[in-house]
Amino acid sequence: MDRRHLLRAAAAAALLPLGATARARPARSADFATAVAAHPIYAPFRGVDDTSGNIDGEALVRGRWPEALRGRFHRNGPALYERGGERYHHWFDGDGMVQQYTIADGRVRHRGRLVRTAKLASEQRAGRFLVSAVGTHVDGGLPAGGPDHFNAANTNALEHGGRLLALWEGGSAYALDPRDLSTIGPVTWRPDLKQVPFSAHPKVDAQGHLWNIGTFGPSIVLWHIDPQGRLVDVQVGESPYPGGMVHDMAVTERHVVVPLPPVSFRIERPVEGPRRFALEAGQPLRILVAEKADLARRRVFELPAEMVFHVGNAHEDRLGNIVLSYVGAPDAWSLDQGAVAVMSARPARGSVARVAIATLDLASGRAPVRAQQVGNAEFPRIDPRLNGLPARGLLMASGWRGDADHQGAFRHGVQWLDTDSGRLDRYDYGEQMIVEEHIVVPRPGGRGERDGWLLGTTYDARRDATVLNLLDAAHIADGPVAQAVLPYRLPLGFHGNWAPG
Ligand SMILES: [Fe+2]
């Protein structure tokens, strides 16, 4: 099949997992309001409403924001959960909202904007849900027109090539203007590549080149974008595990590395019951390693079964092996019941993750794994200058307290794992806090992974407010050196990135 024809056919196939099979009708907003009154730490899952979709505010600053730290921190996450008294069931269903924190001269300004996707625009006009999502079936929805019909643009935000990209797993990147967060529209990298999925976890290498994957049906796509935001190359290959979940990826100097956890989708099952999403019995965790220059030159490693959302990093060692770090969980609880429980303000106990470091031997196919227990951890990040290169530090949002609020989807601290020594440096934000992803921001002109800051948000349930925190990467246990307390609460987000300048 001609490559361009394959891309078009695969784009149409991407529709099937969502709209065709979700069965649960929307929940009731009133039921959530009752539930959250009993468990107020779930308040961020109210989301924003149609009229409050634009938020602007000046934060109350505590401590001292360093002069050298100037730029924009963007985050993205599901934010609009309810329309006309109806409510989504699954955390991932909500429409995306990009949060922008502009830091300069000791001040922190915040701006939040819903991404004006085609889906959002049509539902705004109708005043009701029109489009089915991963956890919610909507009757009488619009006819499907491609993956972007479902695109909620709700997973990650990254400035690259002069544009701010709002990223989602199954469709186009949405471009926003970083000056005011206005939505420009879906990015079509080349006319024949319209709506071909551009996933939510691209990696930018030390030269500024962006690498990403996209998956749909039986195919996997490798994207290469230059530092100016222009398409260099796109390749299509066969997925080693068609139909499964593929969320994140890594690059090394010569390779792309893609974990394919054996997640099965049975979304005809009741949304509040178990095992709509589950690890398929007897199936391994596959790791696809392919050459960046030729996606067909590849090897597929089989590791012990594990749920993997996120990689830490990958690099090539002196022997030519690929060393891959990732956060692995023993089951798909967080995607399955965890992401449903939070949407109904129900405390639920989740599984505990580990950091795994696999050494992938391209010559023999062997893949020994060493692992470290890290509590209830997620959102691994590294010094962004080291994507694809050896990095010792792995930063995670984590929970280790064992109190009821922090055994499920919520975390109360940050941990820095030294992957060489196994040492953990941590800071505990405390009870009544939800800790979101923290990122590593290198000090301008600084040297080394610990010469910089950690930047991340928390939800403080006592204040009912979102707080931006800055920690010294060399003194994590001391806690924030500066904070910016917003005069409001934001929905919880997933991922974000720093743009200096
Ligand atoms: Fe993610």
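Structure's up top.
Since this is a predicted model, take the numbers as computed values, not measurements. (Residues numbered from 1 in each chain as written. Predicted model: local features only at pLDDT ≥ 70, side-chain atom pairs only at ≥ 80, totals over all residues. Heavy atoms only, no water.)

Caption draft 1: Representation of unusual backbone geometry. Non-glycine residue D105 carries a positive phi angle of around 55°. Looking at the secondary structure, you find D105 in the loop between β7 (95–104) and β8 (107–114). Note on D105: relative accessible area 52%, which makes it exposed. Look at D464: it is not a glycine, yet its phi comes out positive at around 55°. Along the chain, D464 falls in the loop between β32 (452–460) and β33 (465–472). Its relative accessible area of 31% is what places D464 among the partly exposed residues. (Helix = DSSP H or I, 4+ residues; strand = E, 2+ residues; numbered from the N terminus. Buried < 20%, exposed > 50% of the residue type's maximum accessible area, 1.4 Å probe, protein only.)

Caption draft 2: A look at the sheet that holds strand β24 (residues 322–329). The sheet built from four strands is open, its strands ordered β23-β24-β25-β26 with antiparallel pairing. Every interior strand has two partners, whereas the edge strands, β23 (307–316) and β26 (369–373), have only one. Pairwise comparison of adjacent strand axes, ignoring direction, gives a mean angle of 20° for this sheet. (Pairing = 2+ DSSP bridges. Axes fitted to C-alpha atoms, helices over the stretch in contact; angles between N-to-C directions.)

Caption draft 3: Local environment of the coordination of the iron ion. Ligation of the iron ion by protein atoms is provided by H201 (NE2), H247 (NE2), H310 (NE2) and H495 (NE2), these donors lying 2.0 to 2.2 Å from the ion. Coordination at the iron ion comes from four donor atoms whose angles at the metal span 92 to 167°, giving a geometry best classed as irregular. In terms of primary sequence, the donors binding the iron ion are separated according to H-x45-H-x62-H-x184-H. Remark: H310 occurs in strand β23 and H247 occurs in the loop between β16 (231–238) and β17 (250–251); sequence separation between them is 63 residues. H247 sits in the buried class, given a relative accessible area of 9%. Judged by its relative accessible area of 5%, H310 falls in the buried class. (Donors = N, O, S within 2.8 Å, 3.2 Å for Na, K, Ca; no water. Tetrahedral: all angles 85-135°; square planar, octahedral: opposite > 155°, others 65-115°.)

Caption draft 4: Main features of the packing of aromatic side chains. For the structure on display, the rule yields 14 aromatic pairs. Grouped by ring-pair contacts, the aromatic residues Y42, F45, Y81, W91, F92, F309, F410 and F494 constitute a single cluster. One Lys or Arg, R87, reaches over the ring of F32 and ends 3.7 Å from the middle of that ring. (Phe/Tyr/Trp six-rings, centres within 6.5 Å; stacked < 30°, edge-to-face > 60°. Lys NZ or Arg CZ within 6 Å of the ring centre and 35° of its normal.)

Caption draft 5: Layout of helix α5 (residues 334–341). The buried fraction of α5 amounts to six of the eight residues, a majority that puts the element mostly inside the structure. All of the buried residues along α5 are L335, D336, G338, A339, V340 and A341. Residues of α5 that are buried make contact with β19 (263–265), β20 (277–279) and β23. (Contact = heavy atoms within 4.5 Å.)

Caption draft 6: How the structure looks around the sheet that holds strand β15 (residues 219–225). Taken together, the four strands give an open sheet; going across it, the order is β13-β14-β15-β16, and neighbouring strands pair in antiparallel fashion. The sheet is open, and its two edges are formed by β13 (203–204) and β16, each paired on a single side. In terms of strand pairing, β13 meets strand β14 (residues 210–216) through two bridges, oriented antiparallel. Of the residues in β14, the one forming a bridge with K203 is W211.

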